[in-house]
Amino acid sequence: MKSIYDVVIGRRSQRRYTKDMPTRALVEKIIDGARWAPSAGNRQNWHWWVATGEKRNELVKIIAKTSDRATELFAEYDEKVQRFLSLYLRTVGGAPVIVTLTYEKKKPSEREKPFDWDLWDYASACAAMQNFCLIAYAEGLGTCWMTAPTLVHEEIKKCLDIPKRHDLVAVSPLGVASHEIPPIPRTDPELKKTVHWFGI
Ligand SMILES: Cc1cc2nc3c(=O)[nH]c(=O)nc-3n(C[C@H](O)[C@H](O)[C@H](O)COP(=O)(O)O)c2cc1C
């Protein structure tokens with residue numbers, strides 16, 4: 001069994017997949033684990049939308065449109081930037097499953113009112129998203145945390161019948177990665193610039 005460090009360090013954002021379909025039981029197991037993330041106020045108001053087959057194909061087409069949307073947004077940038085962006089935005093990479101994560105905007109209770117729940121619920125969903133990527137990797141599956149599809153969030157919500165009161169957090173392909181990706185070095189390898197010590 002991999003140690004937690006093996007899992008955290010070994011996980012990569014996978015952008016190419018085989019056609020092998022994970023079982024529903026395995027996807028459920030991964031999401032079941034992911035929801036043990038901490039959540040602000042213990043609200044746990046994240047939702048997972050798991051698409052395979054026809055719905056998955058519809059989503060692929062919608063997500064491909066992010067490239068066009070980005071081309072509009074980045075029209076002023078040079079070709080290199082445009083090429084990089086189009087690669088970064090078309091990343092479902094043939095995965096048989098696409099998982100969309102949203103959080104439901106809930107009215108704060110009286111005691112919750114002073115806080116920015118949009119921000120905190122989003123942060124909580126991000127914690128669940130990281131768990132999802134790590135557990136999937138531990139189970140032999142690849143993921144890629146993608147926020148680019150939020151550029152076409154209205155269309156994704158319509159396709160999956162997601163209620164208006166939900167905000168899109170991330171989309172991820174899920175499946176068996178077809179290529180090993182070498183680790184991408186982290187900045188500040190000696191932790192000299194980004195860790196600030198006091199009294200230890
Ligand atoms: C909030 C967030 C948004 C991201 N959005 C995208 C995306 O839209 N498309 C994509 O290909 N990768 C996306 N990524 C993946 C990053 O590019 C990737 O994590 C980074 O390059 C480091 O690679 P690694 O995950 O393999 O370590 C995103 C990651 C995070 C945390």
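These numbers come from a predicted model, not from an experiment. (Residues numbered from 1 in each chain as written. Predicted model: local features only at pLDDT ≥ 70, side-chain atom pairs only at ≥ 80, totals over all residues.)

A. Quick look at the site of the ligand. Every residue near the ligand is listed here: Arg12, Ser13, Tyr88, Thr91, Cys144, Trp145, Met146, Thr147, Ala148 and Ile184. Broken down by class, the residue content of the shell around the ligand amounts to 6 nonpolar, 3 polar and 1 charged. (Near = placed C-beta within 6 Å. Nonpolar A, V, L, I, M, F, W, Y, C, P; charged D, E, K, R; others polar.)

B. Looking closely at the packing of helix α2 (residues 24-34) against helix α5 (residues 117-138). In contact at an axis separation of 8 Å, α2 and α5 are set at 135 degrees when each is read in the N-to-C sense. With respect to α5, the element α2 is oriented oblique. The crossing of α2 and α5 is right-handed. Residues Ile30, Ile31, Gly33 and Ala34 of α2 pack against Ala128, Asn131, Phe132, Ile135 and Ala136 of α5. Here the contact of α2 with α5 is built from residues that sort into 7 nonpolar, 2 polar and no charged. (Axes fitted to C-alpha atoms, helices over the stretch in contact; angles between N-to-C directions. Helix = DSSP H or I, 4+ residues; strand = E, 2+ residues; numbered from the N terminus. Parallel < 35°, antiparallel > 145°, perpendicular 65-115°, else oblique. Left-handed = near helix turned anticlockwise from the far one by under 90°. Contact = placed C-beta atoms within 7 Å.)

C. Layout of the packing of helix α3 (residues 53-73) against helix α6 (residues 153-160). Contact pair α3 / α6: the axes reach a minimum separation of 10 Å and the direction vectors enclose 170 degrees. One finds that α3 runs roughly antiparallel with respect to α6. Facing Lys55, Glu58, Leu59 and Ile62 of α3, the residues of α6 in contact are Glu155, Ile156, Cys159 and Leu160. The residue makeup of the contact of α3 with α6, split by class, is 5 nonpolar, no polar and 3 charged.

Keep in mind these values describe shape, not function.
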